[in-house]
Amino acid sequence: NTAVLQVDPTVTILAQPLNKTVCQNNITHFSVSAVHIGGGSLTYQWQISFNGITYTNLSNNANYQGVTSNILTVSNAQMNLNNARYRCRINGYCNT
């Protein structure tokens, strides 16, 4: 008998989110582009950090839409978000 090892192809990031400047009370968008080399599906989860170390998952609400998609919309931006850092966790089969 033999055992077969199949290695899942990786997720490749094609475009990272870019820094944004927005006026208070306005809307902006962050986007990321990625592909699963093997053609598999991807999942997205946007996160926020105020210190660049600890990140928290965002939830869709009045201020955030698209938190589980490749495009995050930030609505009604307030001063408490000044210098906030956003990142998107992209997962494929192997949770990369």
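Look up a bit, the structure's there.
Since the model is a prediction, treat every value here as computed from it, not as a measurement.

Cut-off values and rules
- Residues numbered from 1 in each chain as written.
- Predicted model: local features only at pLDDT ≥ 70, side-chain atom pairs only at ≥ 80, totals over all residues.
- Heavy atoms only, no water.
- Helix = DSSP H or I, 4+ residues; strand = E, 2+ residues; numbered from the N terminus.
- Rg over C-alpha atoms; globule rule 2.2 N^0.38 Å.
- Contact = heavy atoms within 4.5 Å.
- Areas by Shrake-Rupley, 256 points an atom, 1.4 Å probe, with all protein chains shown as cover.
- Pairing = 2+ DSSP bridges.
- Patch = residues over 30% accessible without salt bridge, like charges linked within 9 Å, V, L, I, M, F, W, Y side chains within 5 Å.
- Salt bridge = Lys/Arg side-chain N within 4 Å of Asp/Glu carboxyl O.

A. Structural view of the overall build of the protein chain. Counting its regular elements, the protein chain contains 0 helices and 8 strands. Against the compact-globule benchmark of 12 Å for 96 residues, the protein chain has a radius of gyration of 16 Å, which places it well outside the compact range. On the principal axes, the C-alpha backbone points of the protein chain span a range of 65 × 25 × 20 Å. Counted over contacts in the protein chain with a minimum sequence separation of 6, partners at least 24 positions apart contribute 55%. When the accessible surface of the protein chain is summed, it comes to about 6,700 Å², and 49% of that surface belongs to carbon and sulfur atoms.

B. Structural context of the sheet that holds strand S4 (residues 43-49). Overall, antiparallel pairing links the 3 strands, which are arranged S5-S4-S8 in an open sheet. Looking along the sheet, the strands with just one partner apiece sit at the ends: strand S5 (56-57) and strand S8 (85-91). As defined by bridge partners, S4 adjoins S5 across 2 bridges and the pair is classed as antiparallel. In the strand pairing of S5, Gln47 is matched with Asn57.

C. How the structure looks around a nonpolar patch on the surface. Together, Leu14, Val35 and Ile37 line one region of the surface with nonpolar side chains, adding up to about 280 Å² of accessible area. Relative to the assigned elements, Val35 resides in strand S3 (residues 33-36).

D. Looking closely at the sheet that holds strand S2 (residues 28-31). Taken in spatial order, the 3 strands line up as S2-S7-S6 in an open sheet, and their pairing is antiparallel. The two strands at the open ends of the sheet, each matched to only one other strand, are S2 and strand S6 (64-65). Examined bridge by bridge, S2 and strand S7 (residues 71-74) share 4 bridges and lie antiparallel to one another. For His29, the partnering residue across the bridge sits in S7 and is Thr73.

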